[in-house]
Amino acid sequence: MSDFQLTINGKGVDAERYFEVINPATETLVAQAPDAGRTQLEATVAAANAAFVSWGQSARSERNSHVQQLMGLLQKNLESLAQLLTQEQGKPLQDARDEVGACLMWCEAFVHTRLTNKILQDTPENRIELQHRPLGVVAAIVPWNAPLMVAVWKLLQAVLSGNTIIIKPSPYTPLTALKLGEFCRQAFPPGVVNVLSGGNELGQWMTSHEGIHKVSFTGSTNTGKQIMASASGNLKRLTLELGGNDAAIVLNDVDVAAVTEKLFWSAFYNAGQICAALKRLYVHEDIYEALCQALVSYAGYIKQGNGLEEGVAMGPVQNRMQFEKLCELSRSVQEEGGRFLCGGVVTAQQGYFFPITLVADLADDSRLVSEEQFGPILPILKFSDVDEVIERANNTPYGLGGSIWTNNLELGAELANRLESGSAWVNQHAAVRPDVPFGGAKQSGIGVENTELGLAEFTRVQVINVASPAAVSAN
Ligand code: NAD
């Protein structure tokens, strides 16, 4: 038994089996999470379809009022949610509070975000109106890096556009999502928001289920491809927010001291486990050594440790698999001729702590540069020619974000235009907001989240085309 239950049709439900959720800072048990089985999935899909009948017809003002009730509960439980998030995910407590705060900010923005119908023609003969209809039941499949925020984004877009939803958190970080489900039992009518925790297999059952009409997925590109294949049975609609390998290009006119801190956190916020983190840093040769040294010295001030401890600015990576992947990438740096500026050496200790690692002098085809590292290890690469570095930045199957750093804003914007990415920033990175669409180019995804464009992804277009009897007889 556990304090955590599934949320199915407005009720808390126990599972037949449970799995362990491990605190990545201590490698000890946080809690047992319910492992939803097939029967529970079937009951949830049936409940979500039944709830859709009236929820899909409900007024937008009514849906907003349920979201506002959820906001109240998130606000009231902010501190306990943040503590739980730090324990299951590893991030420092202040960052966990910021994640819950971001959920509130997204709720606030989305109650004011509307999809409007459009009159395409209005004449005595013909009235043609474009309307947005909800799709039905949405499966929301969520990763482990920002488990609460990503779940809330999907929930808001799905339910405010009239769908019902089944949220499946990552098996590494299911607890805050299960709490979210608990709040939704109070805030929404039964069956509108359901939460099922379980393994990857549960995700597969959901993406191939005929009673589910859309998948909104955030996770790795490989899993995204599998989901696309398995969702084809009933032509589910898809939004895929996938991996990235974002480049930042720093021109030689920047003030090194002024950009160091911003560049550091663009790469290392959440211990580098951000889809749109800066993952390849290209620096002009004139300032290369100076910026490398400035980053090393800034890294020296950062305290890594258990996120619940005072003063800790960076936690562990979230799970052993990811930790081992980083160790392997670190070994590849040695084999491929990279120069460790700091870090690189992992000491045996409790918790999945990988040291802040900065690497110089690698080639673009080395593993650390060409693969998504998703952790606190960053390659710093030298360039001399702007056209050449844009080509190098674009030479990847990924296309999530990218950035240009310069005091020449006109040139910055012009170069940003040449980046093949869903978002291209100047003098900032990963600036994601509810009022700006976010999505990936190339193999970083399909579709966008946020704004009315995000809402539109959870609807289908219906055209109502009314001809007057006179116009019909004239035909
Ligand atoms: P993952 O792909 O391993 O898992 C994500 C979710 O998919 C989990 O809930 C998992 O249980 C589920 N899943 C796994 N296999 C499945 C399958 N075959 N069918 C259905 N569901 C399945 O990703 P992760 O390791 O949890 O997250 C890290 C990755 O996510 C990184 O690549 C990161 O860049 C990406 N990410 C992208 C964004 C974005 O917005 N683009 C945001 C956050 C993370």
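Residues numbered from 1 in each chain as written. Predicted model: local features only at pLDDT ≥ 70, side-chain atom pairs only at ≥ 80, totals over all residues. Heavy atoms only, no water.

### Looking at the environment of Asn 64
Note on placement: Asn 64 falls in helix H2 (residues 60-76). For Asn 64 and Val 111, which are 47 residues apart along the polypeptide, the C-alpha to C-alpha distance reads 5.6 Å. (Helix = DSSP H or I, 4+ residues; strand = E, 2+ residues; numbered from the N terminus.)

### Notes on the sheet that holds strand E16 (residues 377-383)
Pairing within the open sheet is mixed, and its seven strands lie in the order E14-E15-E16-E13-E12-E17-E18. Of all the strands in the sheet, just strand E14 (339-342) and strand E18 (423-426) have a single pairing partner and so form its edges. Averaged over all neighbouring strand pairs, the angle between strand axes comes to 25 degrees, with direction disregarded. The pairing of strand E12 (residues 246-250) with strand E13 (residues 278-284) spans five bridges and is parallel. Directly across from Asp 246, in E13, lies its bridge partner Leu 278. Against the sheet, helix H14 (residues 409-417) touches strand E17 (401-405) and E18, its axis set at about 165 degrees to E18. (Pairing = 2+ DSSP bridges. Axes fitted to C-alpha atoms, helices over the stretch in contact; angles between N-to-C directions. Contact = heavy atoms within 4.5 Å.)

### A closer look at the pattern of salt bridges
Under the definition given, this model contains 19 salt bridges. The shortest N-O distance in the salt bridge between Asp 387 and Arg 418 comes to 2.9 Å. Of this pair, Asp 387 sits in helix H13 (residues 386-394) while Arg 418 is found in the loop between H14 and E18, placing the two residues 31 residues apart along the sequence. What makes Asp 387 partly exposed here is its relative accessible area of 44%. Judged by relative accessible area, Arg 418 falls into the partly exposed class, the value being 35%. For Arg 433, the salt bridge goes to Asp 435, with nearest N and O atoms at 2.8 Å. Judged by relative accessible area, Asp 435 falls into the partly exposed class, the value being 48%. Through salt bridges that share partners, Glu 27, Arg 320 and Glu 324 make up one connected network. (Salt bridge = Lys/Arg side-chain N within 4 Å of Asp/Glu carboxyl O. Buried < 20%, exposed > 50% of the residue type's maximum accessible area, 1.4 Å probe, protein only.)

### Overview of the site of the ligand
In the vicinity of the ligand, 28 residues are found, and the nearest of them are Asn 200, Ser 220, Thr 223, Leu 242 and Glu 372. A distance of 2.8 Å separates an oxygen atom of the ligand from a polar atom in the backbone of Val 142. Between an oxygen atom of the ligand and a side-chain N or O atom of Thr 223, the distance comes to 2.8 Å. Burial of the ligand by the protein chains amounts to 91% of its free accessible area of 860 Å². Put simply, the parts of the chain that give the shell around the ligand at least two residues each are helix H7 (200-207), strand E10 (214-218) and helix H8 (221-230). Across the shell around the ligand, the residue classes break down as 13 nonpolar, 12 polar and three charged. (Near = heavy atom within 4 Å. Polar contact = N/O pair within 3.5 Å; in protein donor to acceptor, adjacent residues only side chain to side chain. Areas by Shrake-Rupley, 256 points an atom, 1.4 Å probe, with all protein chains shown as cover. Nonpolar A, V, L, I, M, F, W, Y, C, P; charged D, E, K, R; others polar.)

### Digging into the side chain of Gln 89
Structurally, the position occupied by Gln 89 is in helix H3 (residues 78-89). Residue classification places Gln 89 among the buried positions, given a relative accessible area of 0%. Looking at Gln 89, its side chain comes within polar contact range of the main-chain nitrogen of Lys 91, at 3.1 Å. Non-local contacts of Gln 89, meaning those with residues more than four positions away in its chain, are made with Pro 24, Trp 144, Asn 145, Pro 147, Thr 173, Asn 270, Gln 273 and Gln 318.

### Thoughts on the nonpolar core
Grouped together as the largest cluster of nonpolar side chains are 84 residues, with contacts concentrated most on Ile 167, Leu 180 and Phe 188. Element by element, the count of residues in this core is highest for helix H5 (residues 147-160), at 11 residues. Two domains each put at least three residues into this core: domain 1 (6-242 + 440-463) and domain 2 (246-426). Not counting chain neighbours up to four residues away, the residues in contact with Leu 180 comprise Leu 70, Leu 74, Leu 148, Ala 151, Val 152, Leu 155 and Ile 167. With 31 residues, the next largest nonpolar core counts Leu 263, Leu 278, Leu 291 and Cys 292 among its residues. (Core = buried A, V, L, I, M, F, W, Y, C linked by side-chain atoms within 4.5 Å. Domains from an automatic or database assignment.)

### Some details on the domain arrangement of the protein
Taken domain by domain, the protein holds domain 1 (6-242 + 440-463) and domain 2 (246-426). Measuring from the centre of the C-alpha atoms in domain 1 to the corresponding centre in domain 2 gives 31 Å. Each partner contributes to the roughly 2,400 Å² buried at the junction of domain 1 and domain 2, and carbon and sulfur atoms together form 53% of this total. A salt bridge links Glu 27 to Arg 320; the shortest N-O distance between them is 3.3 Å. Where domain 1 meets domain 2, there are 16 residue pairs in polar contact (both at pLDDT 80 or more). Listing elements by their share of the side of domain 1 that touches domain 2, those giving two or more residues are H3 and helix H4 (93-111). Here the side of domain 1 that touches domain 2 gets five residues from one element, more than from any other, and that element is H3. Its residues assigned to classes, the side of domain 1 that touches domain 2 shows nine nonpolar, 12 polar and six charged. (Buried area = accessible area lost by both parts, 1.4 Å probe.)

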